[in-house]
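# Summary of the model geometry
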Amino acid sequence: MADIVAGIATSHVPAIGAALDTGKSGTPYWKPLFAGYQPAKDYLAALKPDVVILVYNDHASAFSLELIPTFALGCAAEFPPADEGWGPRPVPIVKGHPELAWHIAQSLVLDEFDITIVNKMEVDHGLTVPLSLLFGQMDAWPCPVIPLAVNVVQYPPPTGHRCYMLGKALRRAVRSFDRPLKVAIFGTGGMSHQLQGPRAGLINRDFDTAFLDDLSRDTARLVAMPHIEYLREAGSEGIELVMWLIMRGALDDKVREIYRFYHVPASNTAVGHIILENGARR
Ligand code: DHB
Ligand code: FE
């Protein structure tokens, strides 16, 4: 009945949200970046998903060191934008899909994937920047969004393999929902970046390109990649890329790449973006 039909990954750099919110998206620095997302906006406008599952990480906005869920599923009716220090972003409130979210929670837990259920949560740039990039600036988001927050901020984050298997469990959960919903899944974060310390500003184009390639060519390599390799090759915040493997796991074993975009720099980060569809290469 319901199914996950497409997967989209994108970086979620906060400066992108600030550029949009302060009317700077047409400046020479930002224009090429936003141009690279036009195909995704067209793709989603044609696909018209009924629901989006948005995999992201909270950056100490809703959670803190007091409470660190590894995987947290947003089951609320709405999720307001968080104040990250400059007031909440002037973007629409994110409307959830409690019925599907609770179904997913039940399916995951009975499938022995014990996630945290969240009934009240503000969402930060990790979630709102991808919505802005992929849907554009609008008065209301075009469909309900189910947030899935992953801890990649405080050691130990989940393994890439665990993330991939969670993606598979999400697919089973959605497919057992008794209503004909077209679901898209977004994986966010990355690509290579390090925000602090002696290697701040690290960008590894070769690593990022191979990661984009292997989402469709050699998923097994990515799924087996240990944390230390992300850290060494993609910088300390490059570990956000494990979230892309949840998106990847929720698709067929064989996928085709519809579109990709890679851009340096945005803030001090490499921006990566890819659209994948179920099924083998055409
Ligand atoms: C920055 C923050 C992020 O959470 C991220 O994923 C990339 C960049 C930043 O502060 O520039
Ligand atoms: Fe981030």
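Data block above holds the structure.
Below is a summary of the structure that appears in this document. (Residues numbered from 1 in each chain as written. Chains lettered and ligands numbered in written order. Predicted model: local features only at pLDDT ≥ 70, side-chain atom pairs only at ≥ 80, totals over all residues. Heavy atoms only, no water.)

## With respect to the environment of glutamine 154
Looking at the secondary structure, you find glutamine 154 in the loop between β7 (145-150) and α6 (160-175). Separated by 101 residues in the primary sequence, glutamine 154 and isoleucine 53 place their C-alpha atoms 23 Å from one another. Here glutamine 154 is in contact with Leu65 and Ile68, once residues within four sequence places are set aside. (Helix = DSSP H or I, 4+ residues; strand = E, 2+ residues; numbered from the N terminus. Contact = heavy atoms within 4.5 Å.)

## Here's the deal with the nonpolar core
One finds Ile104, Phe211, Tyr230, Trp244 and Ile246 to be the most contacted residues of the largest nonpolar core, which totals 54 residues. Setting aside chain neighbours within four positions, we find isoleucine 246 in contact with Val55, Phe71, Leu148, Val150, Cys163, Leu166, Gly167, Leu170 and Ile185. With 42 residues, the next largest nonpolar core counts Ile8, Val52, Leu54 and Val271 among its residues. (Core = buried A, V, L, I, M, F, W, Y, C linked by side-chain atoms within 4.5 Å. Buried < 20%, exposed > 50% of the residue type's maximum accessible area, 1.4 Å probe, protein only.)

## As for the coordination of the iron ion (ligand 2)
With distances of 2.1 to 2.2 Å, the protein atoms coordinating the iron ion (ligand 2) are His12 (NE2), His59 (NE2) and Glu240 (OE). One chain supplies every donor for the iron ion (ligand 2), spaced along it as H-x46-H-x180-E. Of this pair, histidine 12 sits in the loop between β1 (3-10) and α1 (14-21) while glutamate 240 sits in the loop between α9 (227-234) and α10 (242-249); the two residues are 228 residues apart in sequence, bridging distant segments of the chain. (Donors = N, O, S within 2.8 Å, 3.2 Å for Na, K, Ca; no water.)

## What about the environment of leucine 127?
One can find leucine 127 in helix α5 (residues 125-135). Given a relative accessible area of 0%, leucine 127 falls into the buried group. Leucine 127 sits 113 residues away from proline 14 along the chain, and the two C-alpha atoms are 10.0 Å apart. The residues contacting leucine 127, other than those within four sequence positions of it, are Leu54, Tyr56, Val94, Val145 and Pro147.

## As for the pattern of salt bridges
For the structure on display, the rule yields 13 salt bridges. Across the salt bridge formed by aspartate 253 and lysine 168, the nearest N and O atoms sit 3.1 Å from each other. Of the two residues, aspartate 253 sits in the loop between α10 and β9 (255-266) while lysine 168 sits in helix α6, which places them 85 residues apart along the sequence. Among the residues examined, aspartate 253 registers a relative accessible area of 57% and is labelled exposed. Among the ionic pairs, arginine 171 bridges to aspartate 252, the shortest N-O distance being 3.0 Å. In this pair, arginine 171 sits in helix α6 while aspartate 252 sits in the loop between α10 and β9, placing the two residues 81 residues apart along the sequence. It is possible to trace a salt-bridge network through shared partners that takes in Asp3, Arg171, Arg175 and Asp252. (Salt bridge = Lys/Arg side-chain N within 4 Å of Asp/Glu carboxyl O.)

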